[in-house]
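Residue-level structure breakdown
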Amino acid sequence: MPAGTATAISCPNIAFIKYWGNRDNARRIPANGSISMNLAGLYSHTQVAFGLTLEKDRLFLDGEAVTGAALRRASALLDRVRALAGVHERALVRSYNNFPTGTGIASSASGFAALTLAASRAAGLDLAEAELSRLARTASGSACRSIPGGFVEWRAGYDHASSYAFSIAPPEHWELTDCIAVISQSHKPTTSQEGHLLADTSPLQAARVSSAESRLRICRNAILARDFEALAQVTELDSNLMHAVMLTGSPGLMYWLPATILVMRSVQGWRRGGLPACFTVDAGPNVHVICPTSEAQHVIDRLNQLDGVIQVLSAAPGEQARLVTNNLD
Ligand code: PMV
């Protein structure tokens, strides 16, 4: 099969019900299922070219050559694609994010989703969405949720075949906005990849995992019924449960900064005062404030007034990963 070039774009996603810890670390089979929303307007744009006379894969991220562990992670995904396609050439990968890296927006999800789609197509494969999602999962768990569009559920499953993500509602299903309060632009002290390995050291992880199914059901139903108050409560609870696990592992991980707590407390106060908004925090200090789009400007204005908030980005529900024709040349 002839190998070639392909380019794909993919959005990051924000999880309402979080993935934290794996049942199988090698294949990234998660301890629990998760539910997320893709973030429109934020993109990884990735071109893969096979068939060049390269001795090893080369990866450029925002124009800078990537080496070491990050390159090995991308090469491992390219190896899986090559094995599926029967392609042997090394690849030249060029990837750009239209959002600054280090803003705490997970570029690994959008980056690996775009890489999976571009690489598989460049290798001559035409994979179904579920297969793309499984492949993306092997590089970064949350990347499997950036393959389908809109509101997405990743069923934990128990092996490679059963662990993949699918859309539960398209982007236009619910006009929500994620207002991202950027609090720090420095890199995380502990990556999520390292953090997942520590999840089982917390005595709270078993309780979090065993109760996840009920939160998944509440969250799924809240999305399908567009019930903001139910979504708000389960999203904050799930974020707090994940951070409780992070804080109580060995070593404990504290991702929050003082301004993180100020934003979380403010959002709860605003909600008590009648403004529909809720928070969720990933493996970093920034706070994602989810609200109906009709309230987004209001929320952004309030966030901008809080001490320690550097900037506020906003995103509506985003599309699935897709191929594009502009090949970055
Ligand atoms: O996919 P990873 O390894 O970057 O892990 C993502 C972990 C969280 O962002 C904290 C939670 C989630 O479900 O996205």
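What you see is a predicted model; the values in this text were computed from it and never measured. Chains are numbered independently. Their residues run from 1 in the order of the written sequence. pLDDT decides what is reported in this predicted model: residues at 70 or higher carry local features, side-chain atom pairs at 80 or more are listed and counted, and totals for whole chains, interfaces and linings draw on all residues regardless. Hydrogens and water molecules were not included; the side-chain quantities draw on all heavy atoms of the structure.

**Here we look at the nonpolar core**
Grouped burial of nonpolar side chains is what soluble globular proteins tend to show. In these notes, a set of buried Ala, Val, Leu, Ile, Met, Phe, Trp, Tyr and Cys residues joined through side-chain atoms within 4.5 Å is what counts as a nonpolar core. Note on exposure labels: buried denotes an accessible area under 20% of the residue type's maximum, exposed denotes more than 50%, and partly exposed covers the range between, all computed with a 1.4 Å probe on protein chains only. Ranked by internal contacts, the top residues of the largest apolar core, which has 31 residues, are Val48, Phe50, Leu78, Val93, Phe112 and Leu115. Runs of E in the DSSP output that reach at least two residues are strands. Runs of H or I that reach at least four are helices, and both are numbered from the N terminus. Taken together, the elements giving at least two residues each to this core come down to β1 (5-10), β6 (44-50), α1 (68-85), β9 (91-97), α2 (107-122) and α3 (129-139). Here this core takes seven residues from α2, the largest share from any one element. Setting aside anything within four residues of it in sequence, one finds Leu115 in contact with Thr46, Val48, Ala74, Leu77, Leu78, Val93 and Ser120. With 28 residues, the next largest nonpolar core counts Leu39, Trp174, Cys219 and Ala232 among its residues. Any pair of residues with heavy atoms lying within 4.5 Å of one another is described as a contacting pair.

**Re helix α9 (residues 296-304)**
Of all the residues in α9, the buried ones are Ala296, Val299, Ile300 and Leu303. Projection of α9 onto a plane perpendicular to its axis shows the buried side chains occupying an angular sector of 100°, all on one side. Structurally, α9 contributes buried residues whose contacts are with β12 (176-182), α8 (258-272), β14 (287-292) and β15 (311-315). Picture the helix axis, draw a direction to every C-beta atom, and the arc is the one those directions span.

**Focus: the sheet that holds strand β13 (residues 278-280)**
Only strands that DSSP links by at least two bridges are regarded as paired with each other. Ordered by their spatial adjacency, four strands build an open sheet running β13-β14-β12-β15, and the pairing between neighbours is antiparallel. The sheet is open, and its two edges are formed by β13 and β15, each paired on a single side. Neighbour to neighbour, the strand axes of the sheet diverge by 30° on average, direction disregarded. Across five bridges, β12 lies against β15 in antiparallel orientation. Looking across to β15, one finds that Asp178 is bridged to Ala315. Helix axes are fitted to C-alpha atoms over the stretch in contact, other axes to C-alpha atoms as well, and angles between N-to-C directions run from 0 to 180 degrees. The sheet contacts of α8 involve β13 and β14, and relative to β13 the element is tilted by about 155°. The strands touched by α9 are β12, β14 and β15; relative to β12, the strand with the most contacts, the crossing angle is about 10°.

**Digging into the domain arrangement of the chain**
Domain delimitation in this document rests on an assignment produced automatically or drawn from a domain database. Domains assigned within the chain are domain 1 (5-171) and domain 2 (173-315). Here the C-alpha centroids of domain 1 and domain 2 sit 23 Å apart. Buried area counts how much accessible surface, traced with a 1.4 Å probe, disappears from two parts once they are put together, with both parts' losses summed. Carbon and sulfur atoms supply 67% of the area buried between domain 1 and domain 2, which totals about 3,200 Å² over both sides. The largest per-residue losses of area from domain 1 upon contact with domain 2 belong to Phe16, Lys18 and Trp20, which jointly make up 27% of the total buried on that side. Any Lys or Arg side-chain nitrogen found within 4 Å of a carboxyl oxygen on Asp or Glu counts as a salt bridge. Between the two partners, domain 1 and domain 2, sit two salt bridges. The closest approach of N and O atoms between Arg220 and Glu153, which form a salt bridge, is 2.7 Å. For this analysis, a polar contact is any N or O atom pair within 3.5 Å, provided that within protein one partner can donate a hydrogen and the other can accept it, and provided that sequence-adjacent residues contribute only side-chain to side-chain pairs. Linking domain 1 to domain 2 there are 12 residue pairs in polar contact (both at pLDDT 80 or more). Of all the elements in the fold, those that place two or more residues in the side of domain 1 that touches domain 2 are β2 (13-17), β5 (34-38), β10 (151-155) and β11 (164-169). Sort the elements by how many residues they give to the side of domain 1 that touches domain 2 and β2 lands first, with four residues.

**Things to note about the sheet that holds β10**
Pairing is antiparallel in the open sheet, where four strands are placed in the order β2-β5-β10-β11. Looking at the sheet topology across the chains shown, the edges are occupied by β2 and β11. When the angles between neighbouring strand axes are averaged without regard to direction, this sheet yields 35°. Where β2 and β5 come together, four bridges link them in antiparallel fashion. Bridge assignment links Ile17 to a residue of β5, and that residue is Ile35.

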